[in-house]
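If you want the building blocks of each chain, they are given just below.
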Amino acid sequence: SVCSARRAFAMAASGFEGGETFRLSAAAGAGALKLHKGDITLWSVDGATDAIVNAANGRMLGGGGVDGAIHQAAGPQLVQACRKVPEVKPGIRCPTGEARITPAFELPVSHVIHTVGPIYDMDRQPELLLKNAYENSLKLAKENGIQYIAFPAISCGIFRYPPKEAANIAISTARQFSGDLKEVHFVLFTDELYDIWRETAQEMLTRF
Ligand code: AR6
């Protein structure tokens, strides 16, 4: 279709083949951490069980930022699948720091993992909540046989988390799951975020 041709072109142009690769730990069989600049809705690993993570809100019915982009690219079936996720309290399907999984519909990946990061200036213990969002996404991935996962910079947009602190939490949490997934990717939307993630990875990890 025109749509998939456009997607294939955008994929090639978005440089997901390149990026930078680090070892998640020194242990034998440890997975890789890969960094890319680009649009997460275009990311996938050919032929693999793969997931992108959505920086959603508790209602899980869409929004702005990466959430809007993911719903737009997945098509209207995604919001229908989200509506079927049970509410844990009125209107809330995914409390802050938790994660939920759905199919990915028109996206090139097999699953979407929806998580909710903290609102930096409003939620108490934002460090713990951001760590929980990454950790619960990675656990859910593992439970669902996902071997390749891509995260955006959760909470670093509308929720205003300071990016350097967010990068420390994101990468140190990914490192704790070094044996469980083949690859953990971060797809950063801006040069600034990409540079911060790269510097943080250089401080914490070694290159392959
Ligand atoms: N690919 C990768 N990253 C993206 C993309 C994209 N296509 N689009 C934006 N980003 P945000 P939050 C980056 O605001 O701070 C929504 O309304 C963006 O530059 O999307 O967790 C939800 O419904 C930023 O670095 O998420 C919630 O209500 C990062 O993704 C709320 O926003 C996250 O920014 C969540 O706020």
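Residues numbered from 1 in each chain as written. Predicted model: local features only at pLDDT ≥ 70, side-chain atom pairs only at ≥ 80, totals over all residues. Heavy atoms only, no water.

Caption draft 1: The pairing of strand β2 (residues 32-37), seen in detail. Pairing between strand β1 (residues 20-23) and β2: four bridges, direction antiparallel. Within β2, the residue paired with E20 across the bridge is L35. Where β2 meets strand β7 (residues 183-188), six bridges bridge the pair, whose relative direction is parallel. Directly across from A32, in β7, lies its bridge partner E183. (Pairing = 2+ DSSP bridges. Helix = DSSP H or I, 4+ residues; strand = E, 2+ residues; numbered from the N terminus.)

Caption draft 2: A look at helix α6 (residues 191-204). Taking 1.5 Å per residue, 14 residues should reach 20 Å; α6 reaches 20 Å between its end C-alpha atoms and fits that length. Within α6, burial applies to L193, Y194, I196, W197, T200 and A201. Projected down its long axis, α6 carries its buried residues within an arc of 165 degrees, all on one side. Summarising the geometry of α6, the exposed residues directed more than 90 degrees from the buried face are E192 and E203. Residues of α6 that are buried make contact with β1, β2, α4 (126-143), α5 (163-176) and β7. (Expected span 1.5 Å × (residues − 1). Buried < 20%, exposed > 50% of the residue type's maximum accessible area, 1.4 Å probe, protein only. Arc of directions from axis to C-beta. Contact = heavy atoms within 4.5 Å.)

Caption draft 3: Region of interest: the sheet that holds β2. Spatially, the eight strands line up as an open sheet ordered β4-β5-β3-β6-β7-β2-β1-β8, and their pairing is mixed. The sheet is open, and its two borders are formed by β4 (99-103) and β8 (206-207), each paired with just one other strand. With five bridges connecting them, β4 and strand β5 (residues 111-115) associate as antiparallel partners. The residue bridging R100 from the neighbouring strand is H114, located in β5. Along the sheet face, helix α2 (residues 65-74) touches β3 (50-55) and β5 and points at about 135 degrees away from the line of β3. Relative to strand β6 (residues 148-151), α4 is tilted by about 155 degrees, and along the sheet it contacts β3, β4, β5, β6 and β7. (Axes fitted to C-alpha atoms, helices over the stretch in contact; angles between N-to-C directions.)

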